[in-house]
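Close look at the chain arrangement
Okay, here's what each chain looks like letter by letter:
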Amino acid sequence: MDQTKTLAPARSGSSDPAEPSSATRAVLRVAEGPDQGLVVELAEGTAVVGSEEGCAVQLRDPTVSRRHLSIEVGRAEAVVRDLDSKNGSFFGGARLHELRLTDRALLRLGESAIELRIGGGRTGADGSRRFGGAVGRAPAMLRLFDLLERVSASDATILLQGETGTGKEVLARAVHEASPRRSGPFVTVDCSALSATLADSELFGHLRGAFTGAAADRKGALLQANGGTLFLDEIGELPQDLQPKLLRALEMRLVKRLGEDVERPFDVRILAATHRDLDEQVSAGRFRSDLYFRLAVVLAKIPPLRERPLDLPLLIRHFVDAMGRGSFEPSAMLLDLFYAHPWPGNVRELRNSVERALAGVDAMLVPPPARGRGAADPTAASSAELPFKAAKEKMLDEFTRDYLSALLERSEGNVSAAARMSGIHRNYLHRLLQRYGVGR
């Protein structure tokens, strides 16, 4: 039974402890662990979560540090900081140092999980929303979050369709964490990495001696995920000879391991993802139509980053916070470059670019925007004759030189002003100018 601990005066007559009161700015609920069901209402200020007596939220989990993390609650957001805990604090599968929240999130501390809800609604003051480790405020992302939140509570199979790097696995994990199966396993199978000889064993398992090299029994992904969620990443790459076997297993909820005569039942929710248009794959005869319809009970399309520029500053802040560099602010010049870039690698590419910027190394080396169809690329002919690595370095060198020239022109030759505009440390900018012979 839920127990509610109030650290602020609760709204009179409030019947739902999970909804913040007028004095409460956040609500913390223990979703898993020895204190499951505990609800704590938080007012503005800082609360410490840990196993030590005297913490605002004291957990009995022995894997939680005495002072594990702090939650600084403001009027419209909260900042979560790990207090150098032994086992770490995790959000969206990644270890966090500092995280700024405007909506709600599921955090893991040792063997416990806590859900933190900020304010009275799902949308932050800046119009942003979070769904697990994903964040957005572009209308397309808000619609996607609405859809996934609605279907998370069911066992419906979901097919996530989006380009490489759009965050399909992050969203799949968020669905699992928001579902009744969150205490069960989350097992991922990358279908594009399955070899033709071992794909059957990877999915369905085998008995020892079933084939050459089978030195021990193997459950297989469907049995490993029993009671939880199986995420079939890049399902469009699944070998065709395995597609009917997977379809039968999903329809019957039975699996037979290689070398075994007994069929074993399993209870698994299926999430699948692909960067391909499976409709086209079905039409081309490369993917079974019956398997496609079995997987696409709910079809969720993830927009590419180039179609959601409104999310760029939000995603940059999200990655900066996750990397523990909350004081970093991208320059206007860097933001201009980011807005102009087509992001063929989507959110994954943006994260890598932010990480480079935080490291202060080639922070501005973002490839130039893609030219329009049919436009000539003056470097294409010469670059195509080079090995990939050399062609890439040549392109980056040309871009860097052009960028530095434009930067100095904008700053009227003032290196200190150029450093501020670009977000590059002044000493490092000097070295770049010398290296590329700009400004002499």
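Being a predicted model, the structure only gives us computed values, none of them experimental. (Residues numbered from 1 in each chain as written. Predicted model: local features only at pLDDT ≥ 70, side-chain atom pairs only at ≥ 80, totals over all residues. Heavy atoms only, no water.)

What about the overall build of the protein chain?
Check the secondary structure of the protein chain and you find 14 helices and 21 strands. In the protein chain, which comprises 440 residues, the proportion classed as buried is 47%. Of the contacts made within the protein chain by residues no fewer than 6 positions apart, 61% connect residues no fewer than 24 positions apart. For the protein chain, the accessible surface area stands at approximately 21,200 Å², while carbon and sulfur atoms represent 49% of it. (Helix = DSSP H or I, 4+ residues; strand = E, 2+ residues; numbered from the N terminus. Buried < 20%, exposed > 50% of the residue type's maximum accessible area, 1.4 Å probe, protein only. Contact = heavy atoms within 4.5 Å. Areas by Shrake-Rupley, 256 points an atom, 1.4 Å probe, with all protein chains shown as cover.)

Some thoughts on the layout of surface pockets
One number sums up the size of the largest pocket: a volume of about 800 Å³. As for the largest pocket, its lining consists of 31 residues, and the residues nearest its centre are Gly167, Val170, Phe319, Val347 and Arg351. For the lining of the largest pocket, the secondary-structure elements that each account for two or more residues are strand S9 (94-95), strand S14 (134-136), helix H2 (168-177), helix H8 (312-322) and helix H10 (346-359). Among the elements that take part in the lining of the largest pocket, H2 stands out by supplying five residues, more than any other. Across the lining of the largest pocket, the residue classes break down as 14 nonpolar, eight polar and nine charged. Looking at the second largest pocket, it is lined by 30 residues, and the ones nearest its centre are Leu106, Ala174, Glu177, Ala178 and Arg182. Elements represented by at least two residues in the lining of the second largest pocket include exactly strand S2 (26-32), strand S8 (89-91), strand S11 (104-109), strand S12 (112-118), strand S13 (129-131), helix H1 (139-152) and H2. Top element by residues in the lining of the second largest pocket is H2. It accounts for five residues. (1 Å grid on protein atoms, 1.4 Å probe; cavity = no way out; pocket = protein on both sides within 12 Å on 5 of 7 lines; lining within 4 Å. Points joined across faces, edges and corners; volume = space filled by probe spheres on them. Nonpolar A, V, L, I, M, F, W, Y, C, P; charged D, E, K, R; others polar.)

Considering the sheet that holds strand S16 (residues 186-190)
Sheets are built from strands paired through backbone hydrogen bonds, the pairs being either parallel or antiparallel. Strand order in the open sheet made by the five strands is S16-S17-S20-S15-S21, with parallel pairing throughout. Both outer strands of the open sheet, S16 and strand S21 (298-301), are each paired with one neighbouring strand and no more. Within the sheet, the average angular offset between the axes of one strand and its neighbour, ignoring direction, is 20 degrees. Two strands pair when backbone bridges link them, and strand S15 (residues 158-161) and S21 are joined in this way by four bridges, in the parallel orientation. Bridge assignment links Ile158 to a residue of S21, and that residue is Val298. Sitting on the sheet, H1 is in contact with S15, strand S20 (269-274) and S21, with an inclination near 150 degrees to S21. (Pairing = 2+ DSSP bridges. Axes fitted to C-alpha atoms, helices over the stretch in contact; angles between N-to-C directions.)

Structural notes on the pairing of S12
The two faces of the sheet receive side chains in turn, since in a regular strand these alternate between them. Among the seven residues of S12, seven are classified as buried, and the element is accordingly described as predominantly covered. Alternating residues of S12 divide into Ser112, Ile114, Leu116 and Ile118 and Ala113, Glu115 and Arg117, and every residue in both groups is buried. Note that S2 and S12 share six bridges and pair antiparallel. Its bridge partner lying in S12, Ala26 is registered against Ile118.

Re the confidence of the model for the protein chain
Close inspection of predicted coordinates is inappropriate for parts of the model with low pLDDT. Averaged over every residue, the pLDDT of the protein chain is 80; the share at 70 or more is 80%. Taken element by element, the protein chain is modelled with least confidence in strand S1 (residues 3-6), mean pLDDT 48, and with most confidence in S15, mean pLDDT 97. Segment residues 362-381: pLDDT under 50, and 35 contacts once partners within four positions in sequence are set aside and those in other chains are kept. (pLDDT = per-residue confidence, 0-100.)

As for the pattern of salt bridges
Tallied over the entire structure, the rule returns 21 salt bridges. Between Arg29 and Glu115 there is a salt bridge, and its shortest N-O distance comes to 3.1 Å. Placement of the pair is Arg29 in strand S2 and Glu115 in strand S12, with a sequence separation of 86 residues. Note on Arg29: relative accessible area 24%, which makes it partly exposed. According to the relative accessible area criterion, Glu115 is buried, its value standing at 18%. Measuring nitrogen to oxygen at the nearest pair gives 3.4 Å for the salt bridge that ties Glu355 to Arg351. Of the two residues, Glu355 and Arg351 both sit in helix H10, four residues apart, roughly one turn of that helix. (Salt bridge = Lys/Arg side-chain N within 4 Å of Asp/Glu carboxyl O.)

Quick look at the environment of Arg129
Position of Arg129 among the secondary structure elements: in strand S13. The sequence separation of Arg129 and Leu101 amounts to 28 residues, and the corresponding C-alpha distance is 9.3 Å. Reaching out from Arg129, the side chain makes a polar contact with the side chain of Asp146 at a distance of 3.1 Å. (Polar contact = N/O pair within 3.5 Å; in protein donor to acceptor, adjacent residues only side chain to side chain.)

Structural notes on the packing of aromatic side chains
A complete count under the given rule lists four aromatic pairs for this structure. Judged by centre distance (5.4 Å) and plane angle (55 degrees), the rings of Tyr292 and Phe293 are tilted. For the pair Phe338 and Trp343, a centre-to-centre distance of 5.2 Å together with 85 degrees between the ring planes defines the contact as edge-to-face. Both residues of the pair, Phe338 and Trp343, count as buried. (Phe/Tyr/Trp six-rings, centres within 6.5 Å; stacked < 30°, edge-to-face > 60°.)

Concerning the nonpolar core
By size, the foremost hydrophobic cluster in this structure holds 32 residues, and its most contacted members are Leu222, Leu230, Leu232, Ile235 and Leu238. Of all the secondary-structure elements, those providing two or more residues to this core are S16, helix H3 (199-204), helix H4 (221-224), strand S17 (229-233), helix H5 (243-252), S20 and helix H7 (289-295). In terms of residue count, H5 provides more of this core than any other element does, four residues in total. Among the nonpolar cores identified, the runner-up in size contains 27 residues, and Val30, Leu42, Leu107 and Leu109 belong to it. (Core = buried A, V, L, I, M, F, W, Y, C linked by side-chain atoms within 4.5 Å.)

Remarks on the sheet that holds strand S4 (residues 45-50)
Strands sit in the order S5-S4-S6-S7-S10 across an open sheet of five strands; the sheet is mixed. Pairing within the sheet leaves two strands with one partner each, and these edge strands are strand S5 (57-58) and strand S10 (98-101). Here four bridges tie strand S7 (residues 78-82) to S10, and the two strands are oriented antiparallel to one another. In the strand pairing of S10, Arg81 is matched with Glu98.

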